[in-house]
Amino acid sequence: MSLPDRLVRPDEYTYRHVLHCDEKDHTHVVCTDDSRLVFQGNRSVVSLSLSNGVEISVTPDHLITMVEGERLEWRKAGDVKVGEYVVMEIGQNKVESYLRLPSDESLPKILDENLAWLMGYLIGDGSFPRDGRASVHVVLDRANGERLRSIVKTLFGKDVASYSAGNTDKIRHGWIHSRGIRDFLCTVCGIDPENKLRVPRTLFRSPVSVCKSFVDGLFAADGYENSGAHPYITSISHVLAEELAALLHWIGYGAVIRKYPSRGHGYNFTGSGYTSEHVYWIEIHDQSDTERARGSRGLFTKVPFPCRVYRKRNGTYGLRKSEEGREGITRSSLRKVDQDHVLLDSSRIYVKVVSTRDGGTVPVYDVHNPVDHIIGINGVRSHNCIFCASDLLNTT
């Protein structure tokens, strides 16, 4: 879930403060670290799968923003139908300061762009030996080796030891021999050596520039330029794919998750310590797609507007009802007839609902945003729940 000051996974927090509502005979359990988070018990949910590969699970009465004709409206999730468009809110990150880190004097005190790039690179092409050695392993390739050495030297005053890969001259094995650096990256920065393929939680409270540097580092390790299309990052972890997509939406990008079988797509995990039947591509879409009229269009290119634009004989533009099966028009076309149309808001992209299903009974959490009551659920623009005891938050 996204808020202006952080991303949160509510299930990772501790909930102990119990508010009991005598008149309604029920309780709310409030998070001990952030009173905006509330555990509401186990409830039935509906799961919506979207055309950009994202899925959300919410209670049927939860309000999300939908496109209805030429306008936006709040709709209960249980009333959403396949083929309709939901609104994804992007760029909510309003964090202004670097995250301060609890470390000793010889180690970095803040999570800045250099450290974030190194963390992203390590998630993709680094490892922490499971035998407990006081070292960190990295892949040194021709494109990124010098930058990695420079960043490690700047951050820690340490040289990266380099050894031949033996069977190829395209890469070398790099080692950072230091117990203090290994512990700092794992304990302070949040890279879990036993579960490395996740976005470190320290990024969830960092400004846009730092998050972008993390994505750049991960792209340097596992990213690919796609001629004529969108760049993408690969991973065998669906969790990393989902968390990276949420991070990208939070800092102003669009993300599309594509799932492929690992066999037949050039991926061989033998000996890597990982096993997976699938590989995930996380495409990165940005505002440059807005004016793209031809070629590989992206999430920012079109809006689900029910009319098409045509040019009149006098040179002005008009609207006609779209033909059956036509899915929206480009933003640049709509701008010709209405520059201030609500669908042109650059902080929103639109994705289609491809399936709905009963998500079963699961633990349910509410997040309260007292500023505008808007939150993002995996990027989907949603209204926070204002539960009956919300006026008691931040009181003793």
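First things first, this report covers the structure right here in the doc.

### Describing the packing of aromatic side chains
Logical step 1: Taken as a whole and assessed by the stated rule, the structure comprises eight aromatic pairs.
Logical step 2: Ring geometry for tyrosine 15 and tyrosine 365: centres 5.4 Å apart, planes at 40°, overall tilted. In this pair, tyrosine 15 sits in strand β3 (residues 15-21) while tyrosine 365 sits in strand β24 (residues 348-367), placing the two residues 350 residues apart along the sequence.
Logical step 3: Measuring from ring centre to ring centre gives 5.2 Å for phenylalanine 39 and tyrosine 365, while their planes differ by 40°; the resulting arrangement is tilted.

### Some remarks on the packing of helix α1 (residues 113-125) against helix α4 (residues 208-222)
Logical step 1: At a minimum axis distance of 7 Å, the contact between α1 and α4 shows a crossing angle of 35°. Of the two elements, α1 crosses α4, and the hand of that crossing is right-handed. Packed against α1, whose contacting residues are Glu113, Ala116, Trp117, Met119, Gly120, Tyr121, Ile123, Gly124 and Asp125, the element α4 presents Ser209, Val210, Ser213, Phe214, Asp216, Gly217, Leu218, Ala220, Ala221 and Asp222 at the interface.
Logical step 2: Partitioned by chemical class, the residues of the contact of α1 with α4 number ten nonpolar, five polar and four charged.

### Focus on the nonpolar core
Logical step 1: Within the largest apolar cluster, 58 residues are counted, with the highest numbers of intra-cluster contacts made by Leu185 and Phe214.
Logical step 2: Sorting the residues of this core by element identifies α1, β13 (135-141), α2 (145-156), α3 (179-188), α4, α5 (238-250), β18 (254-261) and β19 (278-285) as the ones contributing at least two each.
Logical step 3: Broken down by element, this core gets its largest block of residues, eight residues, from α1.
Logical step 4: Every residue in contact with phenylalanine 214, bar those within four places of it in the chain, is listed here: Ala116, Trp117, Met119, Gly120, Ile123, Val199, Pro200, Leu203 and Leu247.
Logical step 5: Counting residues in hydrophobic clusters, the runner-up holds 29 residues, among them Leu37, Ala77, Ile349 and Val367.

### Topic: the layout of surface pockets
Logical step 1: Of the pockets and cavities examined, the second largest pocket occupies roughly 980 Å³.
Logical step 2: It is β24 that provides the largest number of residues to the lining of the second largest pocket, a total of six residues.
Logical step 3: Looking at the lining of the second largest pocket, its residues break down into 19 nonpolar, 13 polar and eight charged.

### Notes on α1
Structural remark: α-helix, 3.6 residues per turn; residues separated by three or four positions point the same way.
Logical step 1: The end-to-end C-alpha separation of α1 is 18 Å, in line with the 18 Å expected for 13 residues at 1.5 Å each.
Logical step 2: Among all positions in α1, only Leu115, Ala116, Trp117, Leu118, Met119, Gly120, Tyr121, Leu122, Ile123 and Gly124 are buried.
Logical step 3: By the N-cap criterion, in which a side-chain oxygen at the helix start approaches the backbone nitrogen of a residue two or three places on, α1 is capped by aspartate 112, the distance to asparagine 114 being 3.3 Å.

### What about empty space enclosed by the protein?
Logical step 1: Scanning all chains against the criterion turns up two cavities of 30 Å³ or more.
Logical step 2: Taken as a whole, the largest cavity spans an internal volume of roughly 40 Å³.
Logical step 3: Together, Gly53, Val54, Glu55, Glu242, Ala245, Ala246, His249, Ile257 and Asn378 line the largest cavity.
Logical step 4: Counting residues per element, the lining of the largest cavity draws most heavily on α5, at four residues.
Logical step 5: Among the residues making up the lining of the largest cavity, the classes are represented as four nonpolar, three polar and two charged.
Logical step 6: For the second largest cavity, the calculated volume is near 30 Å³.
Logical step 7: As for the second largest cavity, its lining consists of Met1, His62, Tyr365, Asp366, Val367, Ile375, Ile377, Asn384 and Cys385.
Logical step 8: Elements with a contribution of two residues or more to the lining of the second largest cavity: β24 and β25 (374-377).
Logical step 9: The biggest single contributor to the lining of the second largest cavity is β24, with three residues.

Analysis parameters
Residues numbered from 1 in each chain as written. Predicted model: local features only at pLDDT ≥ 70, side-chain atom pairs only at ≥ 80, totals over all residues. Heavy atoms only, no water. Phe/Tyr/Trp six-rings, centres within 6.5 Å; stacked < 30°, edge-to-face > 60°. Helix = DSSP H or I, 4+ residues; strand = E, 2+ residues; numbered from the N terminus. Axes fitted to C-alpha atoms, helices over the stretch in contact; angles between N-to-C directions. Left-handed = near helix turned anticlockwise from the far one by under 90°. Contact = heavy atoms within 4.5 Å. Nonpolar A, V, L, I, M, F, W, Y, C, P; charged D, E, K, R; others polar. Core = buried A, V, L, I, M, F, W, Y, C linked by side-chain atoms within 4.5 Å. Buried < 20%, exposed > 50% of the residue type's maximum accessible area, 1.4 Å probe, protein only. 1 Å grid on protein atoms, 1.4 Å probe; cavity = no way out; pocket = protein on both sides within 12 Å on 5 of 7 lines; lining within 4 Å. Points joined across faces, edges and corners; volume = space filled by probe spheres on them. Expected span 1.5 Å × (residues − 1). Polar contact = N/O pair within 3.5 Å; in protein donor to acceptor, adjacent residues only side chain to side chain.

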